[in-house]
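Geometric and topological summary
Chain by chain, the residues:
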Amino acid sequence: MFKTTRELDNLLKKHESYRAGCLNLIASENYASEKVRSYLAGDFGNRYGCYATMHPEEREYTGNKFIHEFEMGTHELVKEIFHAKYVDLRPIGGHMAGMSVVLGMLEPGDLVIEVSLSDWGHGLVGPMCEVRHFDETIQVEYMAFDENRGVDGEKLKMQAKKLKPKMIIFGGSGTLFFEPIKEFRGIADQEGIILAYDASHVTGLIASGMFPNPLEEGADIMFGSTHKSFPGPQGGFVVSNDQDLIEKVGNTLSPTLVTSHHLNRLPALAASILEMKEFGKEYGAQVVKNSKALAKALDGIGFKVLGKGRGFTDSHLLLVDLGEHVTGAPAKELEKANILCSDDFSGSNPEVRIGTPEVTRKGMKEKEMQEIATFFKRALIDQEDPEKLKRDVEAFSRQFIGCEYAY
Ligand SMILES: *Cc1c(COP(=O)(O)O)cnc(C)c1O
């Protein structure tokens, strides 16, 4: 049990020092600038700003005149970067944003097609159907992926025509290539399907122009996180050009899913959008260059990197099939050597997911990706003593103390 705040400070310092010596390749994390972090400690974090959808100017609580100005100003920034008419920033994370879309738009008996957990899906509707009550209400099916780990558009078209889902949710936690949304606009109009895009992982790529804007490709609604490839505070958002859809989302969010929407996210998000407007293009381009360089280096060393037929990846992450190289839990093994990434066992072979947003923000470029590839070789192919490898990983990581592409 803690007895003094000094103990809290010490533990936090330990964490920060430990993390500075880690090579963070977790694709869902990022490194926010000091400026962005500083806003999280402000007064907004202790206020209530709840409002009825479409009436933010009439807040339930008093004392909100500047909070209102802040939220509306941040809405304008989000609308600008995603070319959207409507936005809701009340979801406190991407998951809640997705829940508001799913719960707001589906009716009993409706079917959803989404990305399966075994294909690095996040699981919005699938896990919900594990709850008995929902299982009786909502049906779920999964889209197929091709040999390069892209969505199999032809199969999905056949599935959509046959099953007539109410909604298709594109986007997952292991997205290598942009999904063929454009091809689905016609079928969606014919069959009355809502095309939703879960941008949680790729928000930063869309904002920086490295990925097409799903709303412009034909998606009806897009939601996501603000802290994965997008280097903002942890949080969520929903955007659309359809007033009816955003109203349904908003009415589901509040008061069902959220009442305090963690207002201190707003100035931090606004600052990170301003940062992205200034440095985002350069940042996004380097993130993708780094992913491609790391994928190529790992392939050269003898790893089976997925998506080879399409150049491995167009995104902030790459996937490695470790079939031949491991028996245990690779992420836990790598953690012993201060290398942080994610693994997954739900497919046929164990896979690791390696993300480049944080190391890019720390200033690493293609040259450093070569070095990182050798760390993976030493850990997983040579099975070097993790303690020994850790010393080299730490020394390497501690050289990168800055935060690039930021104020
Ligand atoms: C991370 C993730 C989410 C959930 O976002 P949180 O911000 O963690 O709530 C939703 N969908 C996908 C595809 C994700 O990768």
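Calculation rules
Residues numbered from 1 in each chain as written. Predicted model: local features only at pLDDT ≥ 70, side-chain atom pairs only at ≥ 80, totals over all residues. Heavy atoms only, no water. Near = heavy atom within 4 Å. Polar contact = N/O pair within 3.5 Å; in protein donor to acceptor, adjacent residues only side chain to side chain. Areas by Shrake-Rupley, 256 points an atom, 1.4 Å probe, with all protein chains shown as cover. Nonpolar A, V, L, I, M, F, W, Y, C, P; charged D, E, K, R; others polar. Domains from an automatic or database assignment. Contact = heavy atoms within 4.5 Å. Buried area = accessible area lost by both parts, 1.4 Å probe. Salt bridge = Lys/Arg side-chain N within 4 Å of Asp/Glu carboxyl O. Pairing = 2+ DSSP bridges. Helix = DSSP H or I, 4+ residues; strand = E, 2+ residues; numbered from the N terminus. Axes fitted to C-alpha atoms, helices over the stretch in contact; angles between N-to-C directions.

**As for the site of the ligand**
Close contacts around the ligand come from Gly93, Gly94, His95, His122, Gly172, Ser173, Asp198, Ser200, His201, Ser225, His227 and Lys228, and that covers them all. For the ligand, an oxygen atom lies 2.8 Å from a polar atom in the backbone of glycine 94. Between the ligand and the protein, one listed contact pairs an oxygen atom with a side-chain N or O atom of histidine 227 at 3.2 Å. A total of 380 Å² of accessible area belongs to the ligand in isolation, and the protein chains cover 84% of it. In terms of residue class, the shell around the ligand is made up of no nonpolar, 10 polar and two charged.

**Here's the deal with the domain arrangement of the chain**
Each assigned domain of the chain is listed here: domain 1 (35-271) and domain 2 (279-397). Computed from C-alpha coordinates alone, the two centres of domain 1 and domain 2 are separated by 28 Å. The interface is formed by 21 residues belonging to domain 1 together with 30 residues belonging to domain 2. Its largest share of buried area at the contact with domain 2, domain 1 owes to Trp120, Leu176 and Phe177, together 33% of the area lost on that side. On inspection of domain 1 and its partner domain 2, the count reaches one salt bridge. The tally of links between domain 1 and domain 2 comes to 11 residue pairs in polar contact (both at pLDDT 80 or more). Looking at the side of domain 1 that touches domain 2 residue by residue, the classes come out as 10 nonpolar, nine polar and two charged.

**Some points on the sheet that holds strand β5 (residues 167-170)**
One open sheet holds the seven strands; their spatial order is β2-β8-β7-β6-β5-β3-β4, and the pairing between them is mixed. Each edge of the open sheet carries a strand with a single partner, namely β2 (86-88) and β4 (139-142). Direction aside, neighbouring strands of the sheet carry axes that sit 20 degrees apart on average. In the sheet, β2 pairs with strand β8 (residues 236-240) via three bridges, with the strands oriented antiparallel.

**Points about the sheet that holds strand β12 (residues 342-344)**
The strand order across the open sheet formed by four strands is β9-β10-β13-β12, and the pairing between neighbours is antiparallel. Looking at which strands have only one partner, the edges of the open sheet turn out to be β9 (304-305) and β12. By the bridge criterion, two bridges tie β9 to strand β10 (residues 317-321) in an arrangement that is antiparallel. Within β10, the residue paired with valine 305 across the bridge is valine 320.

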